[in-house]
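As a plain string of letters, each chain reads:
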2 protein chains.
Amino acid sequence: MSLPSAFDGGVVSALGAFEAKSVKHVFFVACGGSLSIMYPAKFLLDQHSPLPSDVYNAAEFVARGPRSLDKNSLVVLCSMTGTTKETTAAAEFARTRGATTIGLTVDPASPLARTVDHVVGFEAPYTTGVPIDAKNSNYSRIYQIVMGLVALTGGENLIETLITSVLALQPAIDRAQVALAPMFEDYAPRFAKQDVVYTVASGASYGAAYSFAICVLMEMQWINSQAIHANEFFHGPFEVLDKDRAFILMKGLDSTRRLEERADEFLHRFGSAENILVLDAEKLDLSGIDPQFRGNLVPLIFFDTLWRFAYKIADLRKHAMLEGRRYMKKISY
Amino acid sequence: MSLPSAFDGGVVSALGAFEAKSVKHVFFVACGGSLSIMYPAKFLLDQHSPLPSDVYNAAEFVARGPRSLDKNSLVVLCSMTGTTKETTAAAEFARTRGATTIGLTVDPASPLARTVDHVVGFEAPYTTGVPIDAKNSNYSRIYQIVMGLVALTGGENLIETLITSVLALQPAIDRAQVALAPMFEDYAPRFAKQDVVYTVASGASYGAAYSFAICVLMEMQWINSQAIHANEFFHGPFEVLDKDRAFILMKGLDSTRRLEERADEFLHRFGSAENILVLDAEKLDLSGIDPQFRGNLVPLIFFDTLWRFAYKIADLRKHAMLEGRRYMKKISY
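As the structure is a prediction and not an experimental result, all values here were calculated from the model. (Residues numbered from 1 in each chain as written. Chains lettered and ligands numbered in written order. Predicted model: local features only at pLDDT ≥ 70, side-chain atom pairs only at ≥ 80, totals over all residues. Heavy atoms only, no water.)

### Re the pairing of strand E9 (residues 276-280) of chain A
All names here are of chain A. What counts here: The classification of residues rests on relative accessible area computed with a 1.4 Å probe and restricted to protein chains. Under 20% of the type maximum is buried, over 50% is exposed, and intermediate values are partly exposed. Only DSSP runs of H or I with at least four residues qualify as helices, and only runs of E with at least two residues qualify as strands; both kinds are numbered from the N terminus onward. Strand pairing requires that DSSP identify at least two bridges connecting the strands. The handedness of a crossover follows from its direction of travel: if, with the strands pointing away from the viewer, the path from the first strand over the helix to the second runs clockwise, the crossover is right-handed.
Burial analysis of E9 places 5 of its 5 residues in the buried class, the great majority of the element. The two faces of E9 match: Ile276, Val278 and Asp280 on one face and Leu277 and Leu279 on the other face are all buried. Note: strand E8 (residues 246-251) against E9, 5 bridges, orientation parallel. Within the sheet, the bridge partner assigned to Phe247 lies in E9 and is Ile276. Remark: the E8/helix H12 (residues 257-270)/E9 crossover connection has right-handed handedness.

### Digging into the relation of the copies chain B and chain A
Short version of the rule: The superposition of copies rests on a least-squares fit of C-alpha positions from residues with pLDDT of 70 or more in both. Throughout, a residue-residue contact means that at least one pair of heavy atoms, one from each residue, lies within 4.5 Å.
Under the fitted operation, chain B is carried onto chain A by 0.0 Å of movement along the axis and a turn of 180°, and the coordinates agree to an RMSD of 0.0 Å. Within this description, the copies of the chain are treated as partners about a two-fold rotation axis. Taking the C-alpha atom as reference, chain B places Gln226(B) closest to the rotation axis, 2.7 Å from it. Taken together, the interface assignments show that 100% of the residues at the interface of chain B recur at the interface of chain A, consistent with an identical surface on both copies.

### With respect to the environment of Gly154(B)
With respect to the element layout, Gly154(B) can be found in the loop between helix H8 (138-152) and helix H9 (159-167). Remark: the alpha-carbon pair of Gly154(B) and Arg262(B), spanning 108 residues in sequence, is separated by 36 Å.

### Let's talk about the interface of chain B and chain A
The line we're drawing: Once two parts are brought into contact, the accessible area they lose, counted with a 1.4 Å probe and summed over both, makes up the buried area. Each salt bridge in this description consists of a side-chain nitrogen of Lys or Arg and a carboxyl oxygen of Asp or Glu lying within 4 Å of one another. Polar contact criterion, stated in full: a pair of N or O atoms within 3.5 Å, where within protein one must be able to donate a hydrogen and the other to accept it, and residues adjacent in sequence count only if both atoms are side-chain atoms.
If you look at the interface, chain B gives 70 residues, while chain A gives 70 residues. In total, about 5,800 Å² of surface goes out of reach between chain B and chain A, with carbon and sulfur atoms giving 51% of it. A per-residue breakdown of the area chain B buries against chain A is headed by Arg67(B), Glu239(B) and Tyr327(B), which together make up 13% of the total. Connecting chain B to chain A are 6 salt bridges. Arg262(A) is the partner of Glu86(B) in a salt bridge, and the nearest nitrogen-oxygen pair spans 3.2 Å. Linking chain B with chain A are 52 residue pairs in polar contact (both at pLDDT 80 or more), by the criterion used here. At the level of elements, strand E1 (25-30), helix H2 (32-36), helix H3 (38-48), strand E2 (53-57), helix H4 (58-64), helix H11 (206-221), strand E7 (227-229) and helix H12 (257-270) of chain B are the ones that each hand at least two residues to the side of chain B that touches chain A.

### Comments concerning the environment of Glu260(B)
All names here are of chain B. Assignment of secondary structure puts Glu260 in helix H12. A relative accessible area of 0% places Glu260 in the buried class. Spatially, the C-alpha atom of Glu260 lies 6.1 Å from that of Ala201, the residues being 59 residues apart in sequence. With sequence-adjacent residues up to four places away left out, Glu260 is seen in contact with Ala201, Ser202, Ser205, Ala230, Leu249, Met250, Lys251 and Gly252. Of note is the side chain of Glu260, whose polar atom sits 2.8 Å from the backbone nitrogen of Gly252.

### A short note on the packing of aromatic side chains
Stated precisely, the cut-off is as follows: By convention, a stacked pair of Phe, Tyr or Trp rings (six-membered ring in the case of Trp) has centres within 6.5 Å and planes under 30 degrees apart, an edge-to-face pair has planes over 60 apart, and any other such pair is tilted. The criterion is that NZ of a Lys, or CZ of an Arg, lies within 6 Å of the ring centre and within 35 degrees of the ring normal, and then a charge sits over that ring.
Under the criterion given, the structure shown has 58 aromatic pairs over all chains. Ring centres of Phe61(A) and Phe93(A) lie 5.7 Å apart, and the angle between their planes is 85°; on these two criteria the pair is classed as edge-to-face. Of this pair, Phe61(A) sits in helix H4 (residues 58-64) while Phe93(A) sits in helix H5 (residues 85-96), placing them 32 residues apart in sequence. No difference in accessibility class separates Phe61(A) from Phe93(A), as the two residues are buried. Ring geometry for Phe238(B) and Phe266(B): centres 5.1 Å apart, planes at 35°, overall tilted. Taken together, the residues Phe238(B) in the loop between E7 and strand E8 (246-251) and Phe266(B) in helix H12 connect sequence positions 28 residues apart. Each member of the pair, Phe238(B) as well as Phe266(B), is classed as buried. Taken together, the aromatic side chains of Tyr198(A), Phe233(A), Phe234(A), Phe238(A), Phe247(A), Phe266(A), Phe270(A), Tyr327(B) and Tyr333(B) make up a single cluster linked through ring pairs. Residue placement shows Arg262(A) over the ring face of Phe234(A); its charged tip is 3.8 Å from the ring centre.

### What about the state of the cysteines?
This is how it is decided: Pairs of cysteine sulfur atoms within 2.5 Å are what we label disulfides.
Across all of its chains, the model carries 0 disulfides over all chains by this definition. We note that Cys215(A) lacks a disulfide partner, and the nearest cysteine sulfur, in Cys31(A), lies 10 Å from it. For Cys215(A), a relative accessible area of 10% translates into the label buried. In this structure Cys31(B) is not part of a disulfide, and its nearest cysteine sulfur, from Cys78(B), lies 10 Å away.

### Structural notes on the pattern of salt bridges
Within this structure, the stated rule accounts for 32 salt bridges over all chains. Between Asp46(A) and Arg64(B) there is a salt bridge; the shortest N-O distance is 2.9 Å. Taken together, the residues span two chains, with Asp46(A) in helix H3 (residues 38-48) and Arg64(B) in helix H4. When sorted by exposure, Asp46(A) lands in the same class as Arg64(B), which is buried. Salt bridges here are not isolated pairs; linked through shared partners, they connect Lys251(A), Arg257(A), Glu261(A), Asp264(A), Asp280(A) and Glu282(A).

### Comments concerning the pairing of E2(B)
All names here are of chain B. E2 sits mainly inside the fold: 5 of its 5 residues count as buried. Side chains of E2 alternate between two faces, with Ser53, Val55 and Asn57 and Asp54 and Tyr56 buried alike. With 5 bridges connecting them, E1 and E2 associate as parallel partners. Paired with Val26 across the bridge in E2 is Ser53.

### Considerations on the nonpolar core
Applied cut-off: Residues enter a nonpolar core if they are buried and are Ala, Val, Leu, Ile, Met, Phe, Trp, Tyr or Cys, with the set joined through side-chain atoms within 4.5 Å.
Core analysis: the largest hydrophobic core is formed by 229 residues, its most contacted members being Phe28(A), Phe233(A), Phe309(A), Phe28(B), Phe233(B) and Phe309(B). If near-sequence neighbours (up to four positions away) are discounted, Phe233(B) is found in contact with Ile228(B), Phe238(B), Leu241(B), Phe247(B), Ala263(B), Phe266(B) and Leu267(B).

### Notes on the environment of Phe302(A)
All names here are of chain A. Inspection of the secondary structure assignment puts Phe302 in helix H13 (residues 291-317). In sequence terms Phe302 and Ala209 are 93 residues apart; their C-alpha atoms lie 8.7 Å from each other. When near neighbours in sequence (up to four residues on either side) are disregarded, Phe302 contacts Ser205, Met250, Lys251, Gly252, Leu279, Ala281 and Leu284.

### Overview of the domain arrangement of chain A
All names here are of chain A. Threshold: Per the annotation, domain bounds derive from an automatic or database assignment of domains.
What the domain assignment lists for chain A is domain 1 (9-160) and domain 2 (168-319). Contacts between the two partners involve 17 residues from domain 1 and, on the opposite side, 24 residues from domain 2. A combined buried area of about 1,600 Å² lies between domain 1 and domain 2, and 68% of that area is made up of carbon and sulfur atoms. Our count for the contact surface shared by domain 1 and domain 2 stands at 0 salt bridges. Residue assignment for the side of domain 1 that touches domain 2 shows that the elements contributing at least two residues are helix H2 (32-36), H3 and helix H8 (138-152). The leading source of residues in the side of domain 1 that touches domain 2 is H3, at 5 residues.

Shown next, in the form of structure tokens:
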């Protein structure tokens with residue numbers, strides 16, 4: 001079979017350049033925000049394919065050197081700028097083991113792009129300040145890689161459904177921005193005063209919770225955080241909950257939603273509604289996104305809308321977002 | 001081949017009851033503190049075998065329902081009391097898919113023990129208050145399962161070396177308690193006043209960092225926390241570091257040590273030494289533990305010694321450890 005032309009050219013070219021059926025193991029490798037998209041990528045693969053896969057921080061991946069990494073491995077890496085040293089080193093390491101490497105980056109001339117076998121480009125608003133269409137986002141591209149791989153290895157062919165859904169994503173994000181704006185306006189003044197804000201999610205949404213916790217709250221606002229898995233919440237973390245504690249809960253539409261619903265009930269039982277910001281995908285207008293992919297795509301809606309919430313908090317705290325960092329891209333380390 | 005009698009009887013019996021070579025995928029499944037031992041178990045398997053494996057929270061595992069879970073899967077579950085509902089449900093779910101299940105628990109009459117195909121017992125000081133020998137701990141038993149599986153599936157046979165090492169573990173813990181006591185005495189008064197204490201580790205030690213963060217600091221002391229992966233630290237979380245911020249850093253002896261060393265340098269460059277508690281395995285007397293397993297076994301030394309540190313903090317905060325919880329085992333949820 002061949003992939004349809006509606007697929008991203010980079011994805012079609014990458015997946016066409018090797019024998020997909022020879023892939024026995026997939027490694028999703030990156031750092032920080034780019035690592036966060038690997039969790040939903042693995043979730044999607046787990047749902048649709050028996051192919052084993054791992055998600056690793058790039059430096060961990062190299063230092064660990066898994067035995068299963070060999071010529072039958074596909075290693076999918078991502079670095080927005082393509083300059084993340086650990087990720088480029090991971091691509092080099094994977095190639096010495098004979099693995100096939102695909103690198104996602106916005107810059108086709110970057111070190112990562114020059115190191116991998118196949119480059120898949122994407123767009124990110126954070127690099128240019130110019131709004132993008134979510135069909136060109138990292139989520140869209142990595143999901144195309146995963147579902148392309150599923151189809152090419154004998155799994156269900158849901159490529160057209162994915163494409164249709166991805167094309168409907170940006171309008172859904174735009175509608176969600178409007179729908180959620182009043183809630184963000186309401187919650188921002190309280191959250192801006194918090195020293196600790198936890199994020200909670202499971203399944204396909206866990207990566208978005210992780211990214212918001214470490215790359216936005218901690219990195220850009222110096223707010224203490226942790227992305228708590230919605231069920232792990234009940235096995236320790238919930239003990240920090242009281243009426244003053246702030247949480248952001250993502251209620252997605254994937255098969256793990258009931259875990260997030262249980263966390264929601266507990267949070268509202270012992271916390272204060274005014275300190276618990278709930279993003280509920282059931283309340284969003286997701287027209288055009290096929291039900292089969294809603295659970296996979298709502299995390300990007302959560303993340304993009306929360307980004308606006310973060311800017312509101314930043315204004316109130318008088319702490320700039322990207323420019324407010326003290327170490328990242330400010331000093332060498 | 002057959003397993004030596006020095007192996008735990010439960011492990012020998014479990015591994016002898018099915019055809020190890022038919023195992024194509026291993027799932028390590030649990031919740032909270034029991035989930036924390038699954039990370040080092042997977043690390044050990046990754047080092048020694050190409051067998052693919054996943055670590056999942058038990059509720060996530062069931063809700064996700066990975067495609068790869070089938071009759072050729074081995075699912076290793078753990079619940080100290082054997083009463084964790086999600087873990088028992090995960091065992092039931094795995095069995096409906098035809099997988100082989102091994103359950104680790106201290107109670108052979110517990111729901112988990114009654115649900116799995118094979119029970120492996122262990123001892124835990126937290127249930128009885130009576131000190132145990134670490135050779136009977138969950139770490140020891142799950143490592144025996146992993147290395148037994150490695151040997152039985154055609155990998156290197158390091159069983160005797162593991163046994164020797166595990167027998168030397170409790171004396172090493174006892175020596176570490178003595179060696180680290182003055183540092184804990186020094187740091188406890190400052191850490192007792194902190195609202196946020198992060199733990200940092202990588203590789204085999206990540207699970208111990210996770211467990212200390214969520215089960216001890218958050219659950220038993222209501223101190224905000226996150227287990228930060230030592231390299232992920234540089235991709236967001238490090239921005240919360242200042243002279244007042246408290247961190248516990250584990251420097252282990254596995255192949256990822258250099259990640260922890262890099263975090264150590266950064267922490268001391270921009271933080272205060274008095275707020276950064278470093279557990280450095282290189283400074284411990286590990287006599288009798290084979291160098292091949294030192295990296296795998298030091299996390300239990302870190303965790304057991306930190307447990308004493310936690311009790312010191314609890315005394316200073318006048319917040320009881322197990323009895324101080326407000327939700328867990330106090331209310332139904």
